[in-house]
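Chain residues, written in single-letter form:
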Amino acid sequence: MHDQPRYPDIRAEVAKLCARFPGEYWRKLDAARAYPSEFVQALTESGYLAALIPEEYGGAGLKLSGAAAILEEIQRQGCNGGACHAQMYIMGTILRHGSEAQKAAYLPKIATGELRLQAFGVTEPTSGTDTTALRTTARRDGDRYILNGQKIWTSRAEHSDLMLLLARTTPREQAAKKTEGLSTFIVDMRSARGLTIRPIRTMMNHNSCEVFFDNMEIPAESLLGEEGKGFRHVLSGMNAERILIAAECVGDAKWFIERSTAYAKDRHVFGRPIGQNQGIQFPIARAYANMRAAELMVDEALRLYESGQNPGAEANMAKMLAADASFEAANVCVQTHGGFGFAEEYDIERKFRETRLYQVAPISTNLILAFLAEHVLGLPRSY
Ligand SMILES: Cc1cc2nc3c(=O)[nH]c(=O)nc-3n(C[C@H](O)[C@H](O)[C@H](O)COP(=O)(O)OP(=O)(O)OC[C@H]3O[C@@H](n4cnc5c(N)ncnc54)[C@H](O)[C@@H]3O)c2cc1C
């Protein structure tokens, strides 16, 4: 659907891999709310999850646009990268802020799949979007930190060895600014004591969890970057996260549009294809136009990112436009399929549920609009 998609070879190989995981595979997992271990394993073995890890640490050393092409293609083929996409952007925090020893210890093992870094613990039940209000604490005690508190919506926590955690090391009232006094840690969850993980059943299969820390001890070397600067360390990865999620949404939108178009040509009612009716054509055409606009914004955000600029506005706009485009296309796809849009075996209702998430997570549309209003338009901060 793109005139000249970048990375045609990678896309073709990803599509081939995805063909081994058809709708039936995802439907079974969806019903059982189970993790797609075989799919994630296949992606790992093919090196796709290590796309952004530099070659010296055993990864492919691709640019962000390469990772975006991989994730877009996964979604376009009807699979779900939500099971493992975080590994692509979380490990950027290690790359940018980790010590040489941490990079050498973690990145090669993440690249081979020996270590899974799939969990990102930021959101808490009481703080919500107001990240700096989080209450989980990490108290230094000799050569250890002691963790106490709770995270929510920590996706894939049960299927990850490591978690990138944001916790308070200085109480908010003692910190110079509310954005200070937070620190990032690489927490090893294997055989950890004082850690409880509870899955949350959601409308789609996303393996998201509540995570409780009860006097959990971690070595002092788990600190990533500078103590007290964790909020900034996490923020520095946000552009990449937004762009990659936007690329996934573009992939979803393409899947829905392709399905809609094929069905509209094939399904005959009143003696003609339903796609001959403008009432069916126009919504699909509009969804296509909106998908393309979102795709161009993803390309623009990538261009700026890869030329070393800070594409905060473009990354956020790409995420918002693509999430809107994918959900619009999902809705059109259900409508085009009539009753069959609701039948599980068509996969449309499953993908519809899955793509709905991206208007809320990892950042909700309102907060993107608030960002644009304040930082691009110069309007007063609204919160
Ligand atoms: C399936 C799933 C997976 C997730 N995975 C992760 C993960 O792996 N790691 C992680 O840390 N988090 C994760 N999240 C959390 C996600 O990032 C948050 O749900 C999201 O940022 C919104 O926060 P909240 O749910 O607390 O909503 P709230 O902050 O409580 O907001 C509720 C609503 O109010 C709106 N709102 C709030 N403040 C304002 C304002 N000032 N102006 C206008 N509107 C406002 C929001 O836009 C939202 O629509 C996940 C969430 C889900 C549902």
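As the structure is a prediction and not an experimental result, all values here were calculated from the model.

Caption draft 1: Quick peek at the overall build of the protein. Across its full length, the protein carries twelve helices and ten strands. Relative to the 2.2 N^0.38 estimate, which gives 21 Å for 383 residues, the radius of gyration of the protein is 21 Å and therefore close to what a compact globule would have. Taking the principal axes of its C-alpha atoms as reference, the protein extends roughly 80 × 50 × 40 Å. By residue count, 54% of the 383 residues in the protein fall in the buried class. Partitioning the intrachain contacts of the protein with sequence separation of at least 6 by distance along the chain shows that 74% fall at a separation of at least 24. A total accessible area of about 17,200 Å² is found for the protein, and carbon and sulfur atoms account for 51% of it. Charged side chains of the protein number 44 positive and 46 negative; the gap between the two group centres comes to 3 Å.

Caption draft 2: Structural context of the site of the ligand. Every one of the 19 residues lining the ligand counts as a neighbour, but Phe120, Thr123, Thr129, Trp153 and Ser364 are closest to it. With respect to the ligand, the backbone of Trp153 contributes an N or O atom lying 2.9 Å from a nitrogen atom. The separation between a nitrogen atom of the ligand and a polar side-chain atom of Asn366 is 3.0 Å. Its residues assigned to classes, the shell around the ligand comprises ten nonpolar, eight polar and one charged.

Caption draft 3: Spatial organisation of the nonpolar core. Grouped together as the largest cluster of nonpolar side chains are 92 residues, with contacts concentrated most on Phe39, Ile74 and Leu244. Top contributing element to this core by residue count: helix 8 (residues 238–266), with 15 residues. Residue contacts for Phe39: discarding those within four places in its chain leaves Leu17, Cys18, Phe21, Tyr25, Trp26, Ile74, Cys79 and Asn80. If you look at the next biggest cluster of nonpolar residues, it comprises 19 residues, including Ala138, Ala167, Leu195 and Phe213.

Caption draft 4: Local environment of the pairing of strand 5 (residues 182–188). Burial runs high along strand 5: six of the seven residues are buried. Two strands pair when backbone bridges link them, and strand 4 (residues 162–168) and strand 5 are joined in this way by seven bridges, in the antiparallel orientation. If you follow Leu165 over to strand 5, its bridge partner there is Phe185.

Caption draft 5: How the structure looks around the packing of helix 8 against helix 11 (residues 348–356). Axis separation between helix 8 and helix 11 bottoms out at 11 Å; the angle between their running directions is 155 degrees. The angle between helix 8 and helix 11 falls in the class roughly antiparallel. In this structure, helix 8 crosses over helix 11, and the sense of that crossing is left-handed. Along the contact surface, helix 8 presents Asp252, Trp255 and Phe256, while helix 11 presents Ile348, Lys351, Phe352 and Thr355. Across the contact of helix 8 with helix 11, the residue classes break down as four nonpolar, one polar and two charged.

How each quantity is defined
- Residues numbered from 1 in each chain as written.
- Predicted model: local features only at pLDDT ≥ 70, side-chain atom pairs only at ≥ 80, totals over all residues.
- Heavy atoms only, no water.
- Helix = DSSP H or I, 4+ residues; strand = E, 2+ residues; numbered from the N terminus.
- Rg over C-alpha atoms; globule rule 2.2 N^0.38 Å.
- Buried < 20%, exposed > 50% of the residue type's maximum accessible area, 1.4 Å probe, protein only.
- Contact = heavy atoms within 4.5 Å.
- Areas by Shrake-Rupley, 256 points an atom, 1.4 Å probe, with all protein chains shown as cover.
- Lys, Arg positive; Asp, Glu negative; His and termini not counted.
- Charge placed at Lys NZ, Arg CZ, Asp CG, Glu CD.
- Near = heavy atom within 4 Å.
- Polar contact = N/O pair within 3.5 Å; in protein donor to acceptor, adjacent residues only side chain to side chain.
- Nonpolar A, V, L, I, M, F, W, Y, C, P; charged D, E, K, R; others polar.
- Core = buried A, V, L, I, M, F, W, Y, C linked by side-chain atoms within 4.5 Å.
- Pairing = 2+ DSSP bridges.
- Axes fitted to C-alpha atoms, helices over the stretch in contact; angles between N-to-C directions.
- Parallel < 35°, antiparallel > 145°, perpendicular 65-115°, else oblique.
- Left-handed = near helix turned anticlockwise from the far one by under 90°.

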